[in-house]
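Descriptive structure summary
For reference, the chains in residue letters:
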Amino acid sequence: MHKAIALAAPPAPDGFPDSPLSRALGQKLMLGLFLPIQAGGWTASRLPRTTTWTFDYNAALTRQAEALGFDLVFGLAQWLPKGGYNEVQNGEALDSFMAVAALAAITSRILLISTVHVLYGPWHPLHFAKFGATLDHISGGRWGVNVVTGHRAVEHEMFGWSRIDHDRRYELADEFLSVVKHLWHADENVSYEGERWRMHDAFITPKPRYGRPILVNATGSEAGIGFAARHSDMVFVSSPTGTAFETAIQALPAHIAQVKAAARRIGRTVRTLINPLVICRATDAEAEAYADAIVAFSEPTGFAAGKFDSDAHAWRGRKAHDGARELGLGGGNLQIVGSPQRVADSLVRLHAAGIDGVQLSFYDFQPDLAYFGEAVLPLLVEAGLRR
Ligand SMILES: Cc1cc2nc3c(=O)[nH]c(=O)nc-3n(C[C@H](O)[C@H](O)[C@H](O)COP(=O)(O)O)c2cc1C
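As the structure is a prediction and not an experimental result, all values here were calculated from the model.

As a further point, take the pattern of salt bridges. Two side chains bearing opposite charge may form a pair once their charged atoms approach each other closely. Taken as a whole, this structure holds 17 salt bridges when the rule is applied. The partner of D233 in a salt bridge is R268, and the shortest N-O contact between them spans 4.0 Å. Here the residue D233 occupies a position in the loop between α7 (222-231) and β8 (234-236), and R268 occupies one in the loop between α8 (245-264) and β9 (271-274), the gap between them amounting to 35 residues. Given a relative accessible area of 1%, D233 falls into the buried group. Classification of R268 by relative accessible area gives buried; the value is 19%. With its nearest N and O atoms 3.2 Å apart, the salt bridge here joins E288 to R342. Here R342 lies in helix α11 (residues 340-352) and E288 lies in helix α9 (residues 284-296), a separation of 54 residues in the sequence. R342 gets classed as partly exposed once you look at its relative accessible area, which sits at 35%.

Structural data, given as structure tokens:
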């Protein structure tokens, strides 16, 4: 691979003590928000709520999260045929790259992580390096990208080809990102002939402020973990056993240790983040009742119900009925349902399992985030996880 020239990598942003990433890493448990830029968020329920995919709603949420001291917001990217998953998760969605990038102009401290399918298009590494450096400057080093390769066959078909084999996708993404990183770093023109991409006397300036934008990927597979070890600052891990908290918390320590060890073996550090769906009310019983109401109004074919053929390894542990309200709530790779104390305790346990941060999603984002800030955050400060 990439025999043409030796590709160099810029230093990672956590190597700069004053980078926004280093500031976020100062928290024992980073707090992120999984923005609902797609209709239905992570839950295919019709129980009334404020949540919408619109930019104004997500911009207001991001400001709310920043005011609460959250460290990052993140948006997913999806390409779905007409109709989406179901009538709630109907495919209406803002593009993650654009929408999350646009948040740079209305925020000042919070990290902004877009998701990009780097193999669709096809993107050219020069585009990506230039756009990334531009966003890095607009955001003051707060912008990052969740690099995904596309796990649904239907998405690849939308772009005019059949889905590329799982591990091969990571090889191609590796070439792509290695070239992008080289462009972010190179102080001379770059000529490159690789397996898939080539360029002659390519150059970008200005360079990113803190070496490069923040790099993230989401995986549970060996190939994806290898990719994360080589490239990512943060890895979105999923529960290897499904969404039920008590089984997930047993399986996570070994899984997380494996991810971190893969990076350590090549002299790097990756942080692990997980995305729980939080259903929190004043008492456990009220939270359970709220969760039951969400389920009662659910569509039968949720996000997780496998309408589209996916070859994602990370979710193979999911089962239709694993003790959690899988099909109904359908969301998050983990569910935390309970009182503020139970939610805080669960986050403490995730941290003890090796998790460095969480991207939370909620059912009714604005009021549920406000309640989290009011009732759970002080408990996390008390527990020493947040400053
Ligand atoms: C928190 C999280 C966010 C994700 N966001 C996206 C996304 O926006 N778009 C996408 O196509 N896949 C997304 N994925 C799926 C991953 O790209 C990947 O397909 C999945 O984690 C399986 O990877 P693996 O087969 O290497 O285990 C996400 C996964 C997780 C856990």
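Near the ligand you find 24 residues, and of these H166, Y170, T219, S221 and H313 are the closest. In this structure, an oxygen atom belonging to the ligand sits 2.7 Å away from a main-chain N or O atom of A77. Between an oxygen atom of the ligand and a side-chain N or O atom of H166, the distance comes to 2.6 Å. Contact with the protein chains removes 97% of the 620 Å² of surface that the ligand exposes when unbound. Among the elements of the structure, β3 (111-117), β4 (143-148) and α6 (166-185) are those that each provide at least two residues to the shell around the ligand.

A separate point is α6. An ideal rise of 1.5 Å per residue puts 28 Å on 20 residues; α6 measures up with 29 Å between its terminal C-alpha atoms. Along α6, 16 of the 20 residues are buried, which leaves the element largely enclosed by surrounding structure.

Quick look at unusual backbone geometry now. Backbone torsion omega between G121 and P122 reads 0 degrees, so that peptide bond is classified as cis. Topologically, P122 is positioned in the loop between β3 and α4 (125-139).

What counts as what
Every residue gets a number counted from 1 within its own chain, in the order that chain's sequence is written. Predicted model: local features are reported for residues with pLDDT of at least 70 only, side-chain atom pairs are reported and counted for 80 or more only, and whole-chain, interface and lining totals are derived from all residues. To get the side-chain values, all heavy atoms of the structure are used, and hydrogens and water are removed first. Take a side-chain nitrogen of Lys or Arg and a carboxyl oxygen of Asp or Glu: if they are within 4 Å of each other, that pair is a salt bridge. To qualify as a helix, a DSSP run of H or I must reach at least 4 residues; to qualify as a strand, a run of E must reach at least 2; elements of each kind are numbered from the N terminus. The buried label goes to any residue with under 20% of its type's maximum accessible area, the exposed label to any with over 50%, and the partly exposed label to all in between, with areas taken from a 1.4 Å probe on protein chains only. Only heavy atoms are used to decide nearness, and a residue is near a molecule or strand if one of them lies within 4 Å of it. Between N or O atoms, a polar contact is any pair within 3.5 Å; within protein, one atom must be a potential hydrogen donor and the other a potential acceptor, and residues adjacent in sequence are included only when both atoms are from side chains. Here the Shrake-Rupley method, with its probe set to 1.4 Å, supplies the accessible areas, and only the displayed protein chains count as covering residues. In a helix, the anticipated span is given by 1.5 Å times the number of residues less one.

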